[in-house]
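Tertiary structure, described
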Amino acid sequence: MKNGWQHNIGKVRALDHREDPPSPFPSLTAEVQTMVPLQVLLSLLVFTAGAEAGTFIFPGQLDHAEGDACRTNTGGSGTCSRTCEHSPSLGEPRKCGIKDSRFLLCCDANPGNDPRLVQDIASPRVAFQCGINKKNEFVLKFSFTDEGDKIYVEPQDINPVKKHNETIRLENGTEVVQEFAVAGVGAERAERNAWPWMALIGERDGGVINWFCGGVLLNDQWVLSAQHCFYNHNAEVVRLGEHNYKDDNDGAAHEDFAVVEMVPYPDHRRPEAYHDLALLRLASRVTLKKFISPICLAWGLESEVDITDQKATLTGYGDTQFGGYPTSYLQELNVTVFPPAQCDSSYSTLPHYTRNWPQGIGQETLCAGDPAGGRDACQGDSGGPLMSLDTRGYFVLAGIVSRGYGCGHKDYPGLYANLRHPPYLDWIKKVAFAMP
């Protein structure tokens, strides 16, 4: 994450799709050339075969036997079979197992029906409260007696250098004035336990965990991230409740969870940049608490709310400048949401525009940055949340960090998967909020 040209958010750079200096990411081919052990080659062949079919082969995905229940590429229930009858519009079926040296396919029970033609974005029934953190907790618990009251919320900050106020108006007319203090040179370090839905995603390397992307907790078993995070990395661990991942004595009681399934959004097709989303299912359910809890989603009428020209908050652990170094502390900053047409106009001047966005940048993408430049996501922030407050004062997920051109370039705002886009909400509901 970048703020004031110097500070972003932090860890490994390998995953963000950001152009303008040349990409620092090692190619898959280069990685393959270093893989000598024979047992690795089988895994690589399985991954390559899956990639050629436009799907991802995730550890544990190929352990189904013929006839087993499985999850289809649209997020629904299916059966692991040798062959499928399916609509070409749904893409290739997901691979679910191996029999007689051939892949088994996860086949939809109703192959003639495209589940995406009927979208269900009504709020699901859940047993938890979403979207509450240290910044809005006081306001949401306050009992208002008169309309038009003004409440001041002053979060504690470390070594504040400059401050600014932002005002929102709740449905009952109450104004909430939040004071933001910026610490350090151009950076905003988040308070400990400030963003209880923030997730770190990593893979194990011996006794070390390499954190490569961010994510956001949706409920007690599912985390949402960016699909491009998993092109060259496996999601093996999700960490919740972290503040400084280099300090186990930072006062944040973080918890780690194994990942048992990655469900990619079915319409994402490389090298196109559209639909850059993936859901991760955790091996065990999260015990929700004050400092580990889900963010709200824009269900129902909230999906129609236009947040253009409004402020939104970005959190993550990405690099502090393009090609620079990460910070181990969770960072936060505010950006302005622009019309998608603004990003479409600026990105259309780049050489890879027609390859990445052949239909242009539209409503499926959220465009956000700083009019003056210098405040943006950066490498390592991919998959992390961009959020805004609704009229009730709850934090709602606005977008997932996806792509950019450099970091903090005023003419090229950051690009996010728009989480008010109805097809995305429908897919999330079918996969992550399905009734057991």
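Residues numbered from 1 in each chain as written. Predicted model: local features only at pLDDT ≥ 70, side-chain atom pairs only at ≥ 80, totals over all residues. Heavy atoms only, no water.

1. Brief notes about the overall build of the protein chain
What counts is decided by this rule: Each helix corresponds to a stretch of at least 4 residues labelled H or I by DSSP, and each strand to a stretch of at least 2 residues labelled E; elements are numbered beginning at the N terminus. When a residue's accessible area, from a 1.4 Å probe over protein chains only, is under 20% of the maximum for its type it is buried; when over 50% it is exposed; and in between it is partly exposed. The contact definition used throughout considers only heavy atoms, calling two residues in contact when any of these lie within 4.5 Å. Only the protein chains shown count as cover for residues, and all accessible areas are computed by the Shrake-Rupley method using a 1.4 Å probe.
Helices and strands together make up the secondary structure of the protein chain, namely six helices and 22 strands. Scored against the burial criterion, the 436 residues of the protein chain give a buried share of 54%. When contacts within the protein chain are restricted to residue pairs at least 6 apart in sequence, those whose partners lie at least 24 apart make up 71%. Summed over all atoms, the accessible surface of the protein chain reaches about 19400 Å², with 51% contributed by carbon and sulfur.

2. Describing the state of the cysteines
The condition is simple: Throughout, disulfides are identified as pairs of cysteine sulfur atoms within 2.5 Å of each other.
Within this structure, the stated rule accounts for six disulfides. At a sulfur-sulfur separation of 2.0 Å, the disulfide partner of C130 is C296. Taking the torsion about the S-S bond as the criterion, the C130 to C296 disulfide, at about 95 degrees, is right-handed. Residue C130 is located in the loop between β6 (102-108) and α3 (137-141), and its partner C296 is located in the loop between β15 (278-282) and β16 (311-316); the two are separated by 166 residues in the primary sequence. Given a relative accessible area of 17%, C130 falls into the buried group. Owing to a relative accessible area of 3%, C296 belongs among the buried residues under this scheme. Across the disulfide, C213 is cross-linked to C229 (sulfur-sulfur distance 2.0 Å). Across the S-S bond of C213 and C229 the torsion is about -90 degrees, and the bridge reads as left-handed. Note that C213 is positioned in strand β11 (residues 208-217) and C229 in the loop between β12 (222-225) and β13 (237-240), a separation of 16 residues in sequence. The exposure class assigned to C213 is buried, which follows from its relative accessible area of 2%.

3. Comments concerning the pairing of strand β17 (residues 331-338)
Let me state the cut-off plainly: When DSSP finds two or more bridges between a pair of strands, those strands are recorded as paired.
Across the eight residues of β17, eight count as buried, placing the element largely inside the fold. Two elements, β16 and β17, share six bridges in a ladder whose sense is antiparallel. If you follow G316 over to β17, its bridge partner there is Q331. Relative to strand β18 (residues 365-369), β17 runs antiparallel, the two sharing three bridges. If you follow F338 over to β18, its bridge partner there is C367.

4. Observations concerning the nonpolar core
The criterion, for reference: Here, the term nonpolar core denotes a set of buried Ala, Val, Leu, Ile, Met, Phe, Trp, Tyr and Cys residues that are joined through side-chain atoms within 4.5 Å.
In this structure, L218, L224, L279 and I428 are the most contacted members of the largest nonpolar core, which totals 57 residues. Among the secondary structure elements, those contributing two or more residues to this core are β10 (198-205), β11, β12, β13, β14 (255-264), β15, β21 (395-405) and α6 (422-432). Ignoring anything within four residues of it in the chain, the contact list for I428 reads L218, L224, L279, L297, W299, L419 and F433.

5. As for the side chain of R420
Operational definition: Under the rule applied, a polar contact is a pair of N or O atoms within 3.5 Å (in protein, one hydrogen donor and one hydrogen acceptor; residues adjacent in sequence only if both atoms are side-chain atoms).
Locating R420 in the fold gives a position in the loop between β22 (414-418) and α6. Of note is the side chain of R420, whose polar atom sits 2.5 Å from the side chain of E302. Looking at R420, its side chain comes within polar contact range of the main-chain oxygen of V305, at 3.4 Å. With near-sequence residues (within four places) excluded, R420 lies in contact with A298, E302, S303, V305, I307, S388, V396, L397, A398 and L425.

6. Some thoughts on the sheet that holds β10
Test applied: Note on method: axes are straight lines fitted to C-alpha atoms, helices fitted across the in-contact stretch only, with angles between N-to-C directions ranging 0 to 180 degrees.
Taken in spatial order, the six strands line up as β10-β11-β12-β15-β14-β13 and close into a barrel, and their pairing is antiparallel. Here the strands of the sheet are splayed against their neighbours by 45 degrees on average, with no regard to which way each runs. Two elements, β14 and β15, share five bridges in a ladder whose sense is antiparallel. Across the sheet, the residue bridging to P264 is A278, located in β15. Against the sheet, α6 touches β12, β14 and β15, its axis set at about 20 degrees to β15.

7. Comments concerning α6
Across the eleven residues that make up α6, a large majority, eight, are buried. All of the buried residues in α6 are Y424, L425, D426, W427, I428, K429, V431 and A432. Along its buried surface, α6 packs onto β3 (69-71), β12, β14, β15 and β22.

8. Comments concerning helix α4 (residues 340-347)
This is how the line gets drawn: Directions drawn from the helix axis to the C-beta atoms are what define this arc.
Residues P340, C343, S346 and Y347 constitute the buried set of α4. Along the axis of α4, the buried residues cluster in a sector spanning 130 degrees; they form a single face. Close packing links the buried residues of α4 with β17, α5 (353-356), β18, β21 and β22.

9. Brief notes about the sheet that holds strand β4 (residues 77-81)
Read from one edge of the open sheet, four strands run β3-β4-β6-β5, paired in antiparallel fashion. Of all the strands in the sheet, the pair left with one neighbour each is β3 and β5 (95-99). Averaged over neighbouring strand pairs, the angle between their axes works out to 45 degrees when direction is ignored. Relative to β6, β5 is paired through four bridges, and the arrangement is antiparallel.

10. Points about the environment of L297
Within the secondary structure, L297 sits in the loop between β15 and β16. L297 gets classed as buried once you look at its relative accessible area, which sits at 8%. Residues L297 and M387, spaced 90 residues apart in sequence, show a C-alpha to C-alpha distance of 9.7 Å. What L297 contacts, discounting residues up to four positions off in sequence, is L218, V396, L397, L425, I428 and F433.

So far we have only geometry, and geometry alone does not tell us how the molecule works.
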